[in-house]
Amino acid sequence: MKKLFSISALTLALTACGGGSSTDKTPDVKVEQNTAPTLSGSLTLSAKALESTNLVVDLKDEQNDSVTTTIIDKPEWLTVTTSSNQVTFSAEPSLFEVANHAFTVEVSDGKASNQYTLTVNVAENRAAWQPIELSNSEVMGNWQSSDGSVELVFATEDAGVIAQNGELSRFDWSNPDVIALNTQAIDCLQECNQQALLEMEVLAKRDDAIRVELFNVSTDKGEVVTLYKSNTEFSSAYYADVEQSSFHSVNYLSAAGEESYFEVPLASFIPTASGNTTSFPHAEFSATLDGKTLKIESDTLVVTQNTKQFSNLGHEVDVAFDLDLVDAEVIAQFDDFLVLKLRHALTYQDESAQNYINESAELAEALQVKTTISTLRKLTPIAVPELTVGKSYTGRLNNKNSDTDEGLTFRYLPTFFTITAADTATVTFNTPENSDSFKWHYDLDNNGETVKVTGNGLDTSLQFFTQPDGKMIMARERNKDERQARLGYEFMEVIDDSTITLDDYKQLFSYLRQGYTSGNQKIYWYINDDGKGSFYYADQYGLENRANFTPSSYWQLEADNSISFAMMSQCPNAVDYSSCKDEVTANQEVAYSSLFNFKILAKEGDKYLFDRLFWQSTYAYSERELKESIFQNSYWFGVEK
């Protein structure tokens, strides 16, 4: 108020002294407006890792005020300095900064400001790479890239799992100057024994990450990626085995201390009198998760294996070994898969056997505790898919033996079913011996989440899942009395019979279940135009020997476009499939005879899903009569290229 009063008084005084005409005006006082400082020039800095690079841009402030420049969320490797008319950005990025970055830059004179975007593109700098050695303990653990394209599990000091761009592989590894990973695909159908060598060169490390080049020796290509330590807490989820097959074990990990259940194969090696034997018996167990440990609740015995061993006197003797599951541990859980480490041991079933057999160094080694790394692929529960009346779908509704009134035993039931009404499904199948169809009907109660199935002694429910590749699995309700894990089947619509042609069968096929392929030996089937061929032919060296394939069977295309085989050795007087079948089925004295039928259920590129029906007649000497049985399974076959 005092300031206002004094100005008014001064004005009055000037007027009283006749300082000007009453019409004169006071001159306008020009007040200068403040403007925000500005930057001009390209705000893109191109740098190389492990090198220092500068970018200078012009700075202007109309009022020549003191200006400050700030990089919002500035990393340590990026700095900025400001002079009267320039701003200098300096970058000295490490290998971990190889990427394109964008930062917000603010210039301010304290009264007004402008913001700009600074782009810093950091490129690789191979000339400056300095390989870094890591100890095994530093390598061990779980690693993944920020985008999930690479996920690595070093589970033990010589084995692990890698997921690279969606391909899942096991690997054996060693740690010289460059970590060598010998990988093997575990979700393949063909060439499953083919290995690739990856060299992992560590270029930089910090507490939470390593920068590496993954170099594929076979393709002569490398990929540089930053891998971060992964310590994800476990969460409950469903999982299936990763082997390509028409059926899967459906496992469950509960992270809440409730029951988890698994069925996974263990690699068991036993030296014998005639050489080593390798088997992959499945360990079924339930457990509760405690930290990473799976506390096993079920019996630890996996299987008893009988082998021939040399006695101390040099004779071959029968010796039984028990394979026991010692313990289990969850190693890693990623978005798409789970890794378990299982320890198991062979022991003499009868401890006294050790006193009379010649225990070789190889056998002593086999009796040590071994480790199996098992990988399971994640399943996502889904609502029941649309089941259209009149359509057939893959999957086994019933899995129990059943006897007919005619002395025929069904050991397994068909691997597909037909929706015959809104609440009914029917299983239909023939025998190779005759054209009579067997039909079993089941009632369906679909609540949208599961389907309850009853009929023919069956009372179970079906639940549906998707795998990461989008394929569906139909799993039967868990039955603890029968098995720990649930049994699931690939679920898809069966193709129409009319779309199947003879050309679909006129190819060489490789038997694609991995358990039937060993080393260089492959399993083929083939047919010739003269009605002869083979549905099962083992060949060690592949298709180059196809001219030497010797027919062993007669074949015939059936009315439903399936194909049947009969073994020539069981019908010496036959000239084709029909006469061979008649001779086989009419023989009431032969100790063993068989017929086979294959039907295409689905096509997937150069791979085919087949239903295999195997009819056998075996003479039961104790009852002095023939016993007939049917076994039915589904298998993937693929065109061998």
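Residues numbered from 1 in each chain as written. Predicted model: local features only at pLDDT ≥ 70, side-chain atom pairs only at ≥ 80, totals over all residues. Heavy atoms only, no water.

1. Thoughts on empty space enclosed by the protein
- Counted under the stated rule, the structure contains two cavities of 30 Å³ or more.
- Roughly 40 Å³ of internal volume is contained in the largest cavity.
- Lining the largest cavity we find Ser246, Thr394, Gly395, Thr415, Tyr489, Glu490, Leu601, Leu609 and Ser634.
- Here the second largest cavity defines a volume of roughly 40 Å³.
- Taken together, Leu387, Leu397, Phe417, Ala425, Leu444, Val451, Leu462, Phe464 and Met474 make up the full set of residues lining the second largest cavity.
- For the lining of the second largest cavity, the class distribution of residues is nine nonpolar, no polar and no charged. (1 Å grid on protein atoms, 1.4 Å probe; cavity = no way out; pocket = protein on both sides within 12 Å on 5 of 7 lines; lining within 4 Å. Points joined across faces, edges and corners; volume = space filled by probe spheres on them. Nonpolar A, V, L, I, M, F, W, Y, C, P; charged D, E, K, R; others polar.)

2. Concerning the sheet that holds strand 3 (residues 53–60)
- Overall, antiparallel pairing links the four strands, which are arranged 1-3-6-5 in an open sheet. Single-partner strands in this sheet number two, and they are strand 1 (38–40) and strand 5 (78–82). Ignoring which end each strand starts from, the neighbouring axes of this sheet average 30° apart.
- As judged from the five bridges shared by strand 5 and strand 6 (residues 86–91), these two strands associate in the antiparallel manner. Considered in strand 6, the bridge of Val80 is made with Phe89. (Pairing = 2+ DSSP bridges. Helix = DSSP H or I, 4+ residues; strand = E, 2+ residues; numbered from the N terminus. Axes fitted to C-alpha atoms, helices over the stretch in contact; angles between N-to-C directions.)

3. Overview of the packing of aromatic side chains
- Enumeration according to the criterion identifies 26 aromatic pairs in this entry.
- Taken together, a centroid distance of 4.9 Å and an interplanar angle of 75° make the contact between Phe154 and Trp173 edge-to-face. Taken together, the residues Phe154 in strand 10 (residues 150–154) and Trp173 in strand 12 (residues 167–174) connect sequence positions 19 residues apart. Residues Phe154 and Trp173 agree in their burial class; the two are buried.
- Here Tyr505 and Phe610 contribute two aromatic rings whose centre-to-centre distance is 6.1 Å and whose plane-to-plane angle is 55°, an arrangement assigned as tilted. In this pair, Tyr505 is assigned in helix 4 (residues 502–505) and Phe610 in strand 44 (residues 607–620), connecting sequence segments 105 residues apart.
- One aromatic cluster is present, built from ring pairs that chain together Tyr505, Trp525, Phe565, Phe598, Tyr608, Phe610 and Phe637.
- Cation over ring: Arg206 sits above Phe96, and NZ or CZ is 4.4 Å from the ring centre. (Phe/Tyr/Trp six-rings, centres within 6.5 Å; stacked < 30°, edge-to-face > 60°. Buried < 20%, exposed > 50% of the residue type's maximum accessible area, 1.4 Å probe, protein only. Lys NZ or Arg CZ within 6 Å of the ring centre and 35° of its normal.)

4. Focus: the sheet that holds strand 7 (residues 99–108)
- Reading across the sheet, the four strands line up as 2-8-7-4 and stay open at both edges, with mixed pairing between neighbours. At either margin of the open sheet sits one strand with a lone partner, and together these are strand 2 (44–48) and strand 4 (68–72). Looking at each pair of strands side by side, their axes are set apart by 30° on average, direction ignored.

5. Here's the deal with the pairing of strand 36 (residues 472–476)
- In terms of residue burial, strand 36 counts as a mostly covered element, since four of its five residues are buried.
- Taken together, the five bridges between strand 35 (residues 458–466) and strand 36 define a ladder with antiparallel strand orientation. Of the residues in strand 36, the one forming a bridge with Phe464 is Met474.
- The loop that links strand 35 with its antiparallel partner strand 36 comprises five residues; one of these, Gly470, has a positive phi angle of about 95°.
- Bridge analysis of strand 36 against strand 37 (residues 486–491) gives four bridges, and the strand direction is antiparallel. Bridge pairing in strand 37 links Ile473 to Glu490.

6. Some thoughts on the pattern of salt bridges
- Tallying each qualifying case throughout the model produces 22 salt bridges.
- The closest approach of N and O atoms between Lys295 and Asp290, which form a salt bridge, is 3.0 Å.
- Taking the relative accessible area as the measure of exposure, Lys295 reaches 45% and is therefore partly exposed.
- Among the residues examined, Asp290 registers a relative accessible area of 41% and is labelled partly exposed.
- Lys471 serves as the salt-bridge partner of Glu604, at 3.0 Å between the closest nitrogen and oxygen. Within this pair, whereas Glu604 is found in strand 43 (residues 592–604), its partner Lys471 is found in the loop between strand 35 and strand 36, the two being separated by 133 residues in sequence.
- Looking at Glu604, the relative accessible area reads 30%, which means it is partly exposed.
- Three or more residues joined by partner-sharing salt bridges are found here, namely Glu259, Arg478 and Lys480. (Salt bridge = Lys/Arg side-chain N within 4 Å of Asp/Glu carboxyl O.)

7. Structural notes on the nonpolar core
- Phe285, Leu294 and Leu340 are the most contacted members of the largest nonpolar core, which has 31 residues in total.
- When contributions to this core are tallied by element, the ones reaching two or more residues are strand 17 (237–241), strand 19 (260–265), strand 22 (282–290), strand 25 (316–333), strand 26 (337–348) and helix 3 (361–366).
- Counting residues per element, this core draws most heavily on strand 25, which supplies six residues.
- By size, the runner-up hydrophobic cluster in this structure holds 29 residues, among which are Leu59, Val87, Ala91 and Leu95. (Core = buried A, V, L, I, M, F, W, Y, C linked by side-chain atoms within 4.5 Å.)

8. What about the environment of Thr44?
- Mapped onto the fold, Thr44 is located in strand 2.
- Exposure remark for Thr44: the relative accessible area of 37% places this residue in the partly exposed category.
- For the pair Thr44 and Thr119, spaced 75 residues apart in sequence, the C-alpha to C-alpha distance is 4.7 Å.
- Non-local contacts of Thr44, meaning those with residues more than four positions away in its chain, are made with Leu55, Thr119 and Asn121. (Contact = heavy atoms within 4.5 Å.)

9. Concerning the state of the cysteines
- Counted under the stated rule, the structure contains one disulfide.
- Bridging Cys571 to Cys580, the disulfide has an S-S length of 1.9 Å. Between Cys571 and Cys580 the disulfide shows an S-S torsion of about -85°. By sign, it is left-handed. Grouping residues by exposure puts Cys571 and Cys580 together as buried. (Disulfide = S-S within 2.5 Å.)

10. Section: helix 5 (residues 577–586)
- Of all the positions in helix 5, only Tyr577, Cys580, Val584 and Thr585 are classed as buried. Down the axis of helix 5, the smallest arc covering the buried residues is 120°, so these residues share one side.
- Elements in contact with the buried residues of helix 5: strand 41 (553–557), strand 42 (563–567), strand 43 and strand 44.
- The N-capping residue of helix 5, defined by a side-chain oxygen 3.4 Å from the backbone nitrogen of Ser578, is Asp576. (Arc of directions from axis to C-beta. Polar contact = N/O pair within 3.5 Å; in protein donor to acceptor, adjacent residues only side chain to side chain.)

11. Here's the deal with the environment of Glu297
- Structurally, Glu297 can be placed in the loop between strand 23 (293–296) and strand 24 (301–310).
- A residue is classified by how much of its surface remains accessible, and Glu297, at 47% relative accessible area, is partly exposed.
- Along the backbone, Glu297 and Ser260 are 37 residues apart, and their C-alpha atoms lie at a distance of 9.6 Å.
- Apart from the residues lying within four places of it in its own chain, the contact partners of Glu297 are Glu259, Ser286, Ala287 and Thr288.

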